[in-house]
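Each chain, written out:
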Amino acid sequence: MMPAMVAFVVLLLIGAPVAVVMAMSGLAGGFAMGGERMLGIIADRMFAGVSGFLLIAVPYFIFTAELMNQGGLTHKLIDFNNALFGRVRGALSHVNVSVSVFFAGLTGAAITDTVAIGKIMIPEMKKQGYDAEYAAAITACSSIIGPIIPPSVVMVVYATLLRDISVIDLFAGGIIPGLLMAGALLGVSFFLAWKRGYPKQAPTPFKVAVMSFVLALPAMIVPLIILGGILSGLTTITEASGFAAVYTIVIGVVFYRNLTWRKIWDSLVVTVRFSGVVFFLLATSAVLGWFVTRSGIARDASGLITTFSDSAFLQLMMVCLLLLLIGTVMDVLPALVVVAPVLVPAMIQLGFDPLHFAILMIVVLNISNVTPPVGMTLMTAARIAEVPYERAIIASLPFYVAFIGVILLLAAFPALSTWIPSLLG
């Protein structure tokens, strides 16, 4: 175990890519356990980590999100949500949250949500008198709903890493937590809009509101295609994701008429790049996961957790704090593939429900995605808003408090994560 830990710490400290850290740590641990004969097993583990049929859905989800951006479907969703909140004080702030809920059902990736919505909403919010740092904060914090409300690339990766939970259960389990996060953000948004006197907009005429709904309807059907097909059992996740991509191309070319072949090509290029990163992470994480299983680290981790407290709630809180700290220095997917093989088996040994802990882990890691010093989602929003990252951090503090409240609720009431999956059997 010691060679693997030394390799892990040293490579992490010198700034090596996370995938390299995991591969070399697993290689060092495997070699220490069995010498050269383990090298063949490690190669086999890397191949097994990316050979699952379920993973075909990942590039399709990414491709669908990029097509939405390139085809201007995001604008239609924003116009419709603006028609709903137009006359309310701080309307654009609330629209930012509500459109993220809609967009979450289309992308499943926080950074995609931040870029797609932020490039439209942040300049408009600044123009109407909102603080630039507030615009960045609300955009980043609402974007992390994306990987929690299904479909979710993070959940597909989780189901691939730890096959004791189906991705359908993860999708269903993320619905209530995602809506709770959206409700918490809207509550803070309404309060700050009232306190700071953010502007109202002119009421939207009924005919304009109806037209915005009609134009947004084809885009809103995309999540219904994905979730309806999956949860009804009519399609597999891979089939639903593929059909959603084809449908998005059709409505972008035929209905909206602004999705050109050049934009489709650009979407493919982004998809290949992002998918390559995800698959390389999965391949190397399979090596580390194999070593963790063989070495008994998970068993040791469960023993370590019980030494701090006998209370199940306090144990969960301690693990959540650890996940938040890890998420401050690593992005969501790398953090997930590093800690999940260790923590999940340990928590299951302690008697925690696998689905409850899976959803809680995904929620906490995504919240850490707007937590400094890394906080890639918040950093991206700050760049779009052209505001110092430090100011965006301060503006995000009220939303952090709301998120902590959601974490406490999810930890205290497992049914919030498990009720809908239990209805689906």
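Each value, and the rule that gives it
Residues numbered from 1 in each chain as written. Predicted model: local features only at pLDDT ≥ 70, side-chain atom pairs only at ≥ 80, totals over all residues. Heavy atoms only, no water. Helix = DSSP H or I, 4+ residues; strand = E, 2+ residues; numbered from the N terminus. Buried < 20%, exposed > 50% of the residue type's maximum accessible area, 1.4 Å probe, protein only. Areas by Shrake-Rupley, 256 points an atom, 1.4 Å probe, with all protein chains shown as cover. Lys, Arg positive; Asp, Glu negative; His and termini not counted. Charge placed at Lys NZ, Arg CZ, Asp CG, Glu CD. Axes fitted to C-alpha atoms, helices over the stretch in contact; angles between N-to-C directions. Left-handed = near helix turned anticlockwise from the far one by under 90°. Contact = heavy atoms within 4.5 Å. Nonpolar A, V, L, I, M, F, W, Y, C, P; charged D, E, K, R; others polar. Phe/Tyr/Trp six-rings, centres within 6.5 Å; stacked < 30°, edge-to-face > 60°. Disulfide = S-S within 2.5 Å. Domains from an automatic or database assignment. Polar contact = N/O pair within 3.5 Å; in protein donor to acceptor, adjacent residues only side chain to side chain. Parallel < 35°, antiparallel > 145°, perpendicular 65-115°, else oblique.

A. Layout of the overall build of the chain. Along the backbone of the chain there are 21 helices and zero strands. Overall size of the chain, expressed as C-alpha extent along the three principal axes, is 70 × 45 × 45 Å. Evaluated residue by residue, the chain yields a buried proportion of 55% over its 425 residues. For the chain, the accessible area works out to roughly 17,500 Å², and carbon and sulfur atoms hold 71% of it. Taken together, the 21 basic and 18 acidic charged side chains of the chain have centroids lying 10 Å from each other.

B. Structural context of the packing of helix H8 (residues 132-143) against helix H19 (residues 376-385). For the pair H8 and H19, interaxial distance at closest approach is 8 Å and the crossing angle is 145°. Crossing geometry of H8 relative to H19 is assigned as right-handed. Listed contacts from H19 to Ala132, Ala136, Ala137, Ala140 and Ser143 of H8 are Thr377, Leu378, Ala381, Ala382 and Ala385. Tallied by class, the residues present in the contact of H8 with H19 amount to eight nonpolar, two polar and no charged.

C. A look at the packing of aromatic side chains. Taken as a whole, this structure holds six aromatic pairs when the rule is applied. For the pair tyrosine 134 and tyrosine 198, a centre-to-centre distance of 5.1 Å together with 35° between the ring planes defines the contact as tilted. Here the residue tyrosine 134 occupies a position in helix H8, and tyrosine 198 occupies one in the loop between helix H11 (175-196) and helix H12 (206-232), the gap between them amounting to 64 residues. Residue class for tyrosine 198 comes out buried when judged on its relative accessible area of 4%. Here a set of aromatic residues connected by ring pairs shows up, and it is made of Tyr130, Tyr134, Tyr198 and Phe399.

D. How the structure looks around the environment of valine 364. Of note, valine 364 is situated in helix H18 (residues 354-367). Sequence separation between valine 364 and valine 332 is 32 residues, and the spatial gap between their C-alpha atoms is 9.5 Å. Residues in contact with valine 364, not counting those within four places in the same chain, are Cys320, Leu323, Leu324 and Ile407.

E. Representation of the state of the cysteines in the model. In the structure shown here, the tally under the stated rule is zero disulfides. In this structure cysteine 141 is a free cysteine whose sulfur lies 18 Å from that of cysteine 320, the closest cysteine sulfur available. On the basis of relative accessible area, cysteine 320 is assigned to the buried category, the value being 4%.

F. Representation of the domain arrangement of the chain in the model. According to the domain assignment, the chain consists of domain 1 (1-49 + 280-295) and domain 2 (55-279 + 296-424). Averaged C-alpha coordinates put domain 1 and domain 2 at centres separated by 30 Å.

G. Geometry of the side chain of serine 152. Assignment of secondary structure puts serine 152 in the loop between H8 and helix H9 (153-161). A polar side-chain atom of serine 152 sits 2.6 Å from the main-chain carbonyl oxygen of proline 147. A polar side-chain atom of serine 152 sits 3.3 Å from the main-chain amide nitrogen of valine 154.

H. Layout of the packing of helix H5 (residues 73-85) against H12. Where H5 meets H12, the closest approach of the two axes is 8 Å, and the angle between their N-to-C directions is 140°. Taken together, the axes of H5 and H12 lie oblique to each other. As for the relative orientation of H5 and H12, their crossing is left-handed in sense. Side by side, H5 and H12 meet where Leu73, Lys76, Leu77, Asp79, Phe80 and Ala83 of the first sit next to Ala209, Ser212, Phe213, Leu215, Ala216, Ala219 and Met220 of the second. Classifying every residue of the contact of H5 with H12 gives ten nonpolar, one polar and two charged.

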